[in-house]
Amino acid sequence: MAKQLVFMCGSLRSGSSLVHLMLDHHPKIQNPGEFDFLFDQVSDDGLFPNVDFYHSWLATHRIFQSKSLVIDTSLTYEELIVSFVQQLALSNSILVLNIHRSFHRIPFLFPDAKYIHLIRDPRDVARSSIAMGWAGNVYYGVDHWLATEKDWKQLEDKVQENQFIQLRFEELILSPERELTLVCDFIGVSYSQKMMVYADNSSYSKPDTSLVNQWKRKLSIRDVQYVELKASELMGSLGYELSSDLKIFIGVMELCRLKIDNRVFRVRFSINRYGLLLYFRELFARLLKLKEFRKKVMIKMNEIDSTLLK
């Protein structure tokens, strides 16, 4: 087991991949990426999944398949998760794992872990979600940010204050050395300048201040209002100011349009990515509950995702 286990908790499109690269370049920190599959099948009240079901579920999980972890079929679910962590850990490094959701389930398995809470302005997260094909508009694009931050609130109720630190994406971009020094102090290592050379051997560039508050330039006033309508309470608790005190109302017709636009966009995005035939194969396999056939289709889809996702 790692001498210390740290989870970096933040929504998708919050900058977690960038922070992953920064931390992983520290000589005493090991951050092998995202590991939501460790906790996705745990219930909110701590009930662990059937281990055979879990093995089957992992068989088509793209992220798990990329990690080269060995499944010992003789282990219980809890023992298996511990074995995954043991396989990842290096004796001379602190292990940091990225998690995007269900943070409140982590203490059921690792009660003494530490946490880095990575936050980003939801207006930028919602906008970025469209480019990923997860939503057709920002009204729906902000939903996963909301779910993530609600999960974080639940985790806060389960751990001590000295177990977590907050890292704001915008401050990291504007003052990377200062923010990374705070993170290193929290983890228990000294800041290393090597953390800033990640751009030399990755597709990510050095911190670019133009990434901060892109929503001000790229979102319409109405789109900003859509996000703030749904996220205002959480935004306020996290220190993000609203663009206006104006409260908007969305009528039934507008809400229907947003819902239809979102659905149509996602279908078109999937067809463009996977092709019409593969898209409908997955749809029919899912609707007809053809498990083995859907497994083969999902593996093909995973192969396409792996070549496209950054």
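As shown above, the structure is provided for reference.
Everything in this summary refers to the structure shown in the same document. Think of each chain on its own: its residues are numbered from 1, step by step along the sequence as written. Side-chain atom pairs in this predicted model are given and counted only at pLDDT of 80 or more, local residue features only at pLDDT of at least 70, and totals for whole chains, interfaces and linings cover all residues. Water and hydrogen atoms were dropped before computing side-chain values, which therefore reflect all heavy atoms in the structure.

## Focus: the nonpolar core
Okay, so step 1: Formed by 33 residues in total, the largest nonpolar core has its most connected members in F7, F37, F84, F110 and Y115.
Okay, so step 2: Numbered from the N terminus, helices here are DSSP runs of H or I no shorter than four residues, and strands are runs of E no shorter than two. Only β1 (5-9), α2 (51-58), α3 (62-65), α4 (77-88), β3 (94-99) and α7 (143-156) provide two or more residues apiece to this core.
Okay, so step 3: In this description, contact between two residues means that some pair of their heavy atoms is separated by no more than 4.5 Å. Not counting the four nearest positions on each side in its chain, F37 is found in contact with Y54, W57, L58, H61, I63, F64, K67, L69 and F84.
Okay, so step 4: I116, L118, V183 and F186 belong to the second largest nonpolar core, which has 27 residues in total. To define a nonpolar core, start from buried Ala, Val, Leu, Ile, Met, Phe, Trp, Tyr and Cys residues and group those joined through side-chain atoms within 4.5 Å. Only protein chains enter the area calculation, which uses a 1.4 Å probe; residues under 20% of their type maximum are buried, those over 50% are exposed, and those in between are partly exposed.

## Overview of the pairing of β3
Okay, so step 1: Across the 6 residues that make up β3, a large majority, 6, are buried.
Okay, so step 2: Burial of β3 is two-sided: the residues I94, V96 and N98 facing one way and the residues L95, L97 and I99 facing the other way are all buried.
Okay, so step 3: Pairing of β1 with β3 involves 5 bridges; the strand directions are parallel. From the neighbouring strand, C9 faces β3, where its bridge partner is I99.
Okay, so step 4: Across 2 bridges, the pairing between strand β2 (residues 29-30) and β3 is parallel. Only when DSSP finds a minimum of two bridges between them are two strands counted as paired.

## Section: the packing of aromatic side chains
Okay, so step 1: Two rings belonging to Phe, Tyr or Trp (six-membered ring only in the last case) form a pair when the distance between their centres is within 6.5 Å. Interplanar angles under 30 degrees mark stacking, angles over 60 mark edge-to-face geometry, and anything in between is tilted. Scanning all chains against the criterion turns up 19 aromatic pairs.
Okay, so step 2: Relative to F39, the ring of F7 has its centre 5.6 Å away and its plane inclined at 75 degrees; by these criteria the two rings are edge-to-face. With F7 in strand β1 and F39 in the loop between β2 and α2, the pair connects residues that are 32 residues apart, well separated along the chain. Across this residue pair, the class does not change: F7 and F39 are buried.
Okay, so step 3: Here F37 and F64 contribute two aromatic rings whose centre-to-centre distance is 5.3 Å and whose plane-to-plane angle is 85 degrees, an arrangement assigned as edge-to-face. Separated by 27 residues along the polypeptide, F37 in the loop between β2 and α2 and F64 in helix α3 bring together distant segments of the chain.
Okay, so step 4: The exposure class of F64 is buried, given its relative accessible area of 5%.
Okay, so step 5: An aromatic cluster is present here, built from F7, F39, F103, F110, Y115, W152 and F164 joined pairwise through their rings.
Okay, so step 6: The lysine or arginine in question, K114, covers the ring of F186, its NZ or CZ lying 4.8 Å from the ring centre.
Okay, so step 7: Two limits define a charge over a ring: the Lys NZ or Arg CZ must be within 6 Å of the ring centre, and within 35 degrees of the ring normal. Across the ring face of W215, the terminal group of R123 is positioned such that the distance to the ring centre comes to 3.8 Å.

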